[in-house]
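In case you want the letters, here they are:
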Amino acid sequence: MASNHSPRPLSEAVDLPWLAFRYVAGELDAAAAEAFERRLDEDQAAREAVAEAVSLLTTVEAAVSLPAPAYRLRRRLTRWTLAATGLAAAAGLLIGISLLQGNRPRSSGPINERVVLTWSNLIQDETEEWLSVVDEHTIEPPPVVAVSSVPEAGETGDVFPAWLLEAASLPGDPSEDPRGS
Amino acid sequence: MTEPSDPTPARATGDPLAPGVGDESPGEREVRERVESLYHQYGEELSRFVLGVVRDPDLAAEAVQSALCRALERGHTARVETFKAWLFRVAFHEALLIRRQRQAGQKASRRLADWLRINHDPDSSAGAASLNGLIRVETAETVRRLLDHLPDEQRRVVLARIHDDKTFAQIAAELNVPLGTVLTRMRLALEKLRKALPQH
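Residues numbered from 1 in each chain as written. Chains lettered and ligands numbered in written order. Predicted model: local features only at pLDDT ≥ 70, side-chain atom pairs only at ≥ 80, totals over all residues. Heavy atoms only, no water.

(A) Summary view of the overall build of chain B. When its secondary structure is counted, chain B shows nine helices and zero strands. Each helix (α) and strand (β) of chain B, taken in turn from the N terminus, gives the series α-α-α-α-α-α-α-α-α. Sequence-distant contacts, at least 24 apart, represent 71% of the contacts inside chain B between residues at least 6 apart. Carbon and sulfur atoms make up 49% of the accessible area of chain B, which totals about 10,000 Å². (Helix = DSSP H or I, 4+ residues; strand = E, 2+ residues; numbered from the N terminus. Contact = heavy atoms within 4.5 Å. Areas by Shrake-Rupley, 256 points an atom, 1.4 Å probe, with all protein chains shown as cover.)

Below you can see the structure in the form of structure tokens.
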């Protein structure tokens, strides 16, 4: 009977885990599997290698079936956080640069300068127009409040305030300076 | 002599660790206690070894039980320092016998993925439950981390072979690489993953 601890060539010892894995996984052909089983009958190291191969296979399968561990979520979160932070920083930088530059021409050269200047003026005009529209819709005129419920002498009793009526009754060209200067 | 020379299989007759305890002699009690001790020391490893031979958790449990019965009957003939090897050899012969009996009635053997995943089956039997007990959560998590750190080409081969149960030839064809390349990737990956396993 062969010894359980008979010395084996180094290459066989190194290859034993791999050989055992292929045996367990059914990757050995019939002749190789038969030869390995003859070895299993006499070599305790080979038996232990088979046990280890089974342990490895079952553990890998169990590992793949595990729910996503916390460290993975943290890593994903970190990646997303980094990406979002980077994007926010880039957007902020762009906004800052555009604010600093304002309507100044950004290119040199006569043609480019004219184009940029025209473009800046257009943007300014559009911006003012847009702001005025906003003002129209957001700033309401001050409410007209009657100081007294009883109209004084000369007052019409209408809703127009006295200062408006007085201004409308002033003689002269409305285009002239009302201060007469 | 290092082992009993005749590890001929014997059929299991019941719980190997508690037959006739009340009637046992001091010598028999000593053997039983030694087998119990060895089972606690090597039982998991023995179960994995037998499972690798029969590739069926239920049959593996049966073979281990039979081997332990044999150990109670004849274990006293083995020296303590060689008892583990003797026990494994007895279990190996039991496993071969059970496998032959099964193959006589059922030619098709289970594929790798079938017996690896049987422990997830809610209808699994005692053998599957014992296989489930062989997997430690901490080890599985360690293996998972190692899997994540494998080079992508190695991880793909490992998952395709073990989880998807594809043959190396199929994997080579899918990845459009030589078979030898696939084998090398698998081998390198297994060398890294083995480091996660508890050492005996």
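(B) A look at the overall build of chain A. In terms of helices and strands, chain A carries six helices and zero strands. The secondary structure elements of chain A, listed N-terminal to C-terminal, are α-α-α-α-α-α. Looking at chain A residue by residue over its 181 residues, the buried ones come to 20%. Considering only contacts in chain A between residues 6 or more positions apart, those separated by 24 or more positions represent 44%. If you sum the accessible surface of chain A, you get close to 13,200 Å²; carbon and sulfur atoms cover 63% of it. (Buried < 20%, exposed > 50% of the residue type's maximum accessible area, 1.4 Å probe, protein only.)

(C) Up close: helix 2 (residues 57–74) of chain B. Residues and elements named next belong to chain B. In this model helix 2 runs 25 Å from its N-terminal to its C-terminal C-alpha over 18 residues, within 8% of the 26 Å that 1.5 Å per residue would give. Buried within helix 2 are the following residues: P57, L59, A60, A63, V64, S66, A67, L68, C69, R70 and A71. Regarding helix 2, its N-cap is D56, as a side-chain oxygen of that residue lies 2.9 Å from the backbone nitrogen of D58 further along. (Expected span 1.5 Å × (residues − 1). Polar contact = N/O pair within 3.5 Å; in protein donor to acceptor, adjacent residues only side chain to side chain.)

(D) Expanded view of the interface of chain A and chain B. If you look at the interface, chain A gives 39 residues, while chain B gives 46 residues. Approximately 4,300 Å² of surface area, both sides summed, lies buried where chain A meets chain B, with 64% of it carried by carbon and sulfur atoms. Summed over the three residues of chain A that lose the most area to chain B, namely W18(A), L56(A) and E61(A), the buried surface amounts to 15% of that side. Across the chain A-chain B interface, the total number found is six salt bridges. (Buried area = accessible area lost by both parts, 1.4 Å probe. Salt bridge = Lys/Arg side-chain N within 4 Å of Asp/Glu carboxyl O.)

(E) Local environment of the pattern of salt bridges. Within this structure, the stated rule accounts for twelve salt bridges over all chains. A salt bridge links E45(B) to K84(B); the nearest nitrogen and oxygen atoms lie 3.2 Å apart. Linking E45(B) in helix 1 (residues 26–54) with K84(B) in helix 3 (residues 83–105), this pair joins segments that are 39 residues apart in sequence. Judged by its relative accessible area of 15%, K84(B) is buried. Notably, a salt bridge pairs D165(B) with R161(B), separated by 3.1 Å at the nearest N-O pair. Classification of D165(B) by relative accessible area gives buried; the value is 9%. The structure contains a network of salt bridges with shared partners spanning E27(A), R161(B) and D165(B).

(F) Structural context of the environment of R29(B). Residues and elements named next belong to chain B. With respect to the secondary-structure elements, R29 resides in helix 1. What makes R29 partly exposed here is its relative accessible area of 36%. Taking the C-alpha atoms as reference, R29 lies 9.5 Å from L72; in sequence the two are 43 residues apart.

(G) Main features of helix 7 (residues 152–163) of chain B. Relative to the 16 Å expected for twelve residues at 1.5 Å per residue, helix 7 of chain B spans 15 Å between its end C-alpha atoms, a close match to the ideal helical length. D165(B) sits one or two residues past helix 7 of chain B and shows a positive phi near 60°.

(H) The packing of helix 8 (residues 168–175) of chain B against helix 9 (residues 179–193) of chain B, seen in detail. All names here are of chain B. For the pair helix 8 and helix 9, interaxial distance at closest approach is 8 Å and the crossing angle is 110°. Judged on the interaxial angle alone, helix 9 and helix 8 are roughly perpendicular. Crossing geometry of helix 8 relative to helix 9 is assigned as right-handed. Contact residues: helix 8 offers F168, A169, I171, A172 and L175, while helix 9 offers L179, V182, L183, R185 and M186. Looking at the contact of helix 8 with helix 9 residue by residue, the class counts come to nine nonpolar, no polar and one charged. (Axes fitted to C-alpha atoms, helices over the stretch in contact; angles between N-to-C directions. Parallel < 35°, antiparallel > 145°, perpendicular 65-115°, else oblique. Left-handed = near helix turned anticlockwise from the far one by under 90°. Nonpolar A, V, L, I, M, F, W, Y, C, P; charged D, E, K, R; others polar.)

(I) The arrangement of the packing of aromatic side chains in detail. One pass over the structure, following the stated rule, counts six aromatic pairs over all chains. Ring plane angle 25° and centroid distance 5.6 Å describe the contact between F49(B) and F88(B), whose orientation is recorded as stacked. Remark: F88(B) occurs in helix 3 and F49(B) occurs in helix 1; sequence separation between them is 39 residues. Its relative accessible area of 0% is what places F49(B) among the buried residues. The class of F88(B) is buried, set by a relative accessible area of 0%. With a centroid separation of 6.0 Å and 35° between ring planes, the pair formed by F49(B) and F92(B) is classed as tilted. Note that F49(B) is positioned in helix 1 and F92(B) in helix 3, a separation of 43 residues in sequence. Here R55(B) stacks its cationic end above the ring of Y23(A), 5.2 Å away from the centre of that ring. (Phe/Tyr/Trp six-rings, centres within 6.5 Å; stacked < 30°, edge-to-face > 60°. Lys NZ or Arg CZ within 6 Å of the ring centre and 35° of its normal.)

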